[in-house]
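# Structural features, examined
Take a look at the letters that make up each chain.
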Amino acid sequence: LLLIGLCGFMGACCEAMILLKAYMGFLIVIMLLEIIMAVGCVAMKSTVETYATNRTIEMIGYYGVEAQDEAGVITATLDLVQENFACCGVDGPQDWNVYSAEYEGTFHVPTSCCKEANRDDSTCGNATVYTENDYINMDGCKTSLWNFIETNLLYVGILCGAICILQMTGLLVCSRYVISVQDNPTVLFEHYQPYQE
């Protein structure tokens, strides 16, 4: 983006038509890519949801297993999501009993599934069976994440609309400038008086 902006700036300062036209071309390509991505996300919502669900289930299977999660990134990521969205598993805490190598058949869940007020409690998480524990978040993260996305979709739409308006304005100003420079190449320098001693 810096190079694209520099291309437009240098083209305007030096009246270099090739740079200005390249700048306009880049803006058009970026806007088309944004439109394609937006339409693709809306049209493929169920595919994206299925893919995200399957990858998250796969991550639950790797949770705490050093062979698949050497740096602890998967464990930290799942803990962070479950703590921030007050959720547990993909569809609920039962996912840990089914898909996790560490918790399979134990009816226990990670401490990150505990409600915020009870995370430091030793009887929460992997110390007690989740079906008998009122301190566990029972909502799945899929539901919590989709609710978060739908709640903030308006703000994302407003932001995208503002960016699109700015891009359109830049494109229109640039095209108008190209036309004026082509019609009158000295438009910037008609009042310029060189320094004379």
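Residues numbered from 1 in each chain as written. Predicted model: local features only at pLDDT ≥ 70, side-chain atom pairs only at ≥ 80, totals over all residues. Heavy atoms only, no water.

## Describing helix α3 (residues 45-62)
Under the 1.5 Å per step criterion, the end-to-end length of α3 is 26 Å for 18 residues, consistent within 8% with the ideal 26 Å. Here α3 has its buried residues at T53, I57, I60 and G61. The buried residues of α3 occupy an angular sector of 105° when projected down its axis, which confines them to one face. Considering only its buried residues, α3 is in contact with α4 (73-84), α5 (94-99) and α6 (141-183). (Helix = DSSP H or I, 4+ residues; strand = E, 2+ residues; numbered from the N terminus. Expected span 1.5 Å × (residues − 1). Buried < 20%, exposed > 50% of the residue type's maximum accessible area, 1.4 Å probe, protein only. Arc of directions from axis to C-beta. Contact = heavy atoms within 4.5 Å.)

## Section: α6
Here α6 is 43 residues long and its end C-alpha atoms lie 60 Å apart, about the 63 Å a rise of 1.5 Å per residue gives. Along its length, α6 shows its largest kink, about 45°, at N152. The elements touched by buried residues of α6 are α1 (2-14), α2 (17-43) and α4. (Bend = angle between axes of the 7 residues up to and from the residue.)

## Observations regarding the state of the cysteines
Within the structure shown, the criterion is met by 2 disulfides. Sulfur-sulfur distance for the disulfide between C87 and C141 comes to 2.0 Å. Since a negative S-S torsion denotes a left-handed disulfide, the C87-C141 link at about 90° is right-handed. With C87 in the loop between α4 and α5 and C141 in helix α6, the pair connects residues that are 54 residues apart, well separated along the chain. For the residue pair C87 and C141, the accessibility class agrees, reading buried in each case. The disulfide partner of C88 is C113, and the S-S distance across this bridge is 2.1 Å. (Disulfide = S-S within 2.5 Å.)

## Describing the environment of Y177
The residue Y177 is located in helix α6 in this model. Along the primary structure Y177 and M17 are separated by 160 residues, whereas in three dimensions their C-alpha atoms are 9.9 Å apart. At 3.0 Å, the side chain of Y177 forms a polar contact with the backbone oxygen of A12. (Polar contact = N/O pair within 3.5 Å; in protein donor to acceptor, adjacent residues only side chain to side chain.)

## Topic: a nonpolar patch on the surface
Nonpolar side chains collect at one region of the surface, where I28, V29, L32, L33, I35, I36 and V39 lie side by side and expose about 650 Å² of accessible area between them. Checked against the element boundaries, V39 lands in helix α2. A relative accessible area of 52% means that V39 is categorised as exposed. (Patch = residues over 30% accessible without salt bridge, like charges linked within 9 Å, V, L, I, M, F, W, Y side chains within 5 Å. Areas by Shrake-Rupley, 256 points an atom, 1.4 Å probe, with all protein chains shown as cover. Salt bridge = Lys/Arg side-chain N within 4 Å of Asp/Glu carboxyl O.)

## Considering the nonpolar core
Formed by 15 residues in total, the largest nonpolar core has its most connected members in L78, W96, V109, C113 and I136. Those elements that place two or more of their residues in this core are α3 and α4. When neighbours within four sequence positions are excluded, C113 is seen to be in contact with Q82, C87, C88, G89, W96, Y135, I136 and N137. If you look at the next biggest cluster of nonpolar residues, it comprises 13 residues, including M17, L27, Y177 and V181. (Core = buried A, V, L, I, M, F, W, Y, C linked by side-chain atoms within 4.5 Å.)

## Some remarks on the side chain of T75
Locating T75 in the fold gives a position in helix α4. At a separation of 3.0 Å, a polar atom in the side chain of T75 contacts the main-chain amide nitrogen of G64. Once you skip the residues sitting within four places of it in the chain, T75 turns out to touch Y63, G64 and D69.

## Considering the packing of α1 against α2
One can describe the packing of α1 onto α2 by two numbers: an axis separation of 8 Å at closest approach and a directional angle of 145°. α1 and α2 meet at a crossing whose hand is left-handed. Residues I4, G5, C7, G8, M10, G11 and A12 of α1 touch α2, and the partners they reach there are L19, L20, A22, Y23, F26 and I30. Classifying every residue of the contact of α1 with α2 gives 10 nonpolar, 3 polar and no charged. (Axes fitted to C-alpha atoms, helices over the stretch in contact; angles between N-to-C directions. Left-handed = near helix turned anticlockwise from the far one by under 90°. Nonpolar A, V, L, I, M, F, W, Y, C, P; charged D, E, K, R; others polar.)

## Details of the packing of aromatic side chains
This structure, assessed with the given rule, holds 4 aromatic pairs. When the ring of F85 is compared with that of F148, the centres are 5.3 Å apart and the planes differ by 75°; the resulting orientation is edge-to-face. Taken together, the positions of F85 in the loop between α4 and α5 and F148 in helix α6 put the pair 63 residues apart, joining distant regions of the chain. When its relative accessible area of 45% is taken as the criterion, F148 is described as partly exposed. Taken together, the ring pairs connect Y63, W96 and Y103 into an aromatic cluster. (Phe/Tyr/Trp six-rings, centres within 6.5 Å; stacked < 30°, edge-to-face > 60°.)

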